[in-house]
Amino acid sequence: RGSATITRSRIEFEDLRGDAGNWAIAGASGRLYAREPMALEANAAWSLMSGHEIAGVLRAVGDFDRLQVDARIAAPGLAEARLELTDVSGDLRWHGETEIQALGLAQWIDPAPFGPLHGKLSMQGDRASYAATGVMHGDGLPDSGVHVDGKARYADLLVTLDQLTLSVPGATTVQLQGTMTVAVQPAWDMDAR
């Protein structure tokens, strides 16, 4: 649903809404420019998963060869992400930085062993696979934080962790592999060393 004004060179849209079950867009507004490659300027509220468990707002500017996205995440925690997407209409690739300001684990693990978490992650991926590296801090963690290095895939509400390494230099390293079913109450099947 929404409304648009169409001219020879652009489409201006406002209050655009869509719900595909596992993702939704609400109140999107912006412009789509008819050129090669197609260009876009847009602002939107968005959510992922059928219960809208992951949600926020974003601003996207660029074209379908290179699109800059600034996103603010409001659920399940507070974070800001700055991503660059390339080849949006073809072999999509993306990379960027995420600053997590507050992520409480008590929504999944009660009582939470530590947290809330905060930190910065460098991220990259494509339509189905993702990688992240960085350092996370939080109550109950060492002052130096925990180094995170992980690779995962996603399909049909199943996250497959190919490798997730959590380490405190000179102290402890934990390596995890397994799956997580995406739901309000996730189901985990993990192996750890």
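Only a predicted model underlies this, so the values are computations on that prediction, with no experimental measurement involved.

Analysis parameters
Residues numbered from 1 in each chain as written. Predicted model: local features only at pLDDT ≥ 70, side-chain atom pairs only at ≥ 80, totals over all residues. Heavy atoms only, no water. Core = buried A, V, L, I, M, F, W, Y, C linked by side-chain atoms within 4.5 Å. Buried < 20%, exposed > 50% of the residue type's maximum accessible area, 1.4 Å probe, protein only. Helix = DSSP H or I, 4+ residues; strand = E, 2+ residues; numbered from the N terminus. Contact = heavy atoms within 4.5 Å. Patch = residues over 30% accessible without salt bridge, like charges linked within 9 Å, V, L, I, M, F, W, Y side chains within 5 Å. Areas by Shrake-Rupley, 256 points an atom, 1.4 Å probe, with all protein chains shown as cover. Salt bridge = Lys/Arg side-chain N within 4 Å of Asp/Glu carboxyl O.

S.K.: What's the story with the nonpolar core in this structure? I'm lost.
M.R.: One recurring pattern in soluble globular proteins is that nonpolar side chains are buried together. Ranked by internal contacts, the top residues of the largest apolar core, which has 19 residues, are Ile100, Leu117 and Met136. Where this core is concerned, the elements lending two or more residues are strand E8 (93-103), strand E9 (117-126), strand E11 (146-155), strand E12 (158-168) and strand E13 (172-181). A total of four residues in this core trace back to one element, the largest contributor, which is E12. Leave out the neighbours within four places in its chain, and methionine 136 touches Ile100, Leu117, His118, Gly119, Leu121, Leu141, Gly145, Val146 and Val148. Grouped together as the second largest cluster of nonpolar side chains are 15 residues, Phe13, Ala42, Leu83 and Leu92 included.

S.K.: Before we go on, may I ask you to explain unusual backbone geometry in this structure?
M.R.: Peptide bonds are mostly trans, and most non-glycine residues show a negative phi. A cis amide bond, omega 0 degrees, links glutamate 36 with the succeeding residue proline 37. If you trace the backbone, proline 37 turns up in the loop between strand E3 (23-33) and strand E4 (39-48). With a phi angle near 50 degrees, aspartate 87 is a residue other than glycine that sits in the positive phi range. Along the polypeptide, aspartate 87 turns up in the loop between strand E7 (78-86) and E8. Backbone geometry at aspartate 156 places phi at a positive 50 degrees, although glycine is not the residue there. Look at aspartate 156 and you get exposed, because its relative accessible area is 77%.

S.K.: Looking at this structure, how should I read a nonpolar patch on the surface?
M.R.: Taken together, the side chains of Trp23, Ile25 and Leu48 make up a nonpolar region of the molecular surface, amounting to roughly 260 Å² of accessible area. Relative to the elements of secondary structure, isoleucine 25 occurs in strand E3. Given a relative accessible area of 33%, isoleucine 25 falls into the partly exposed group.

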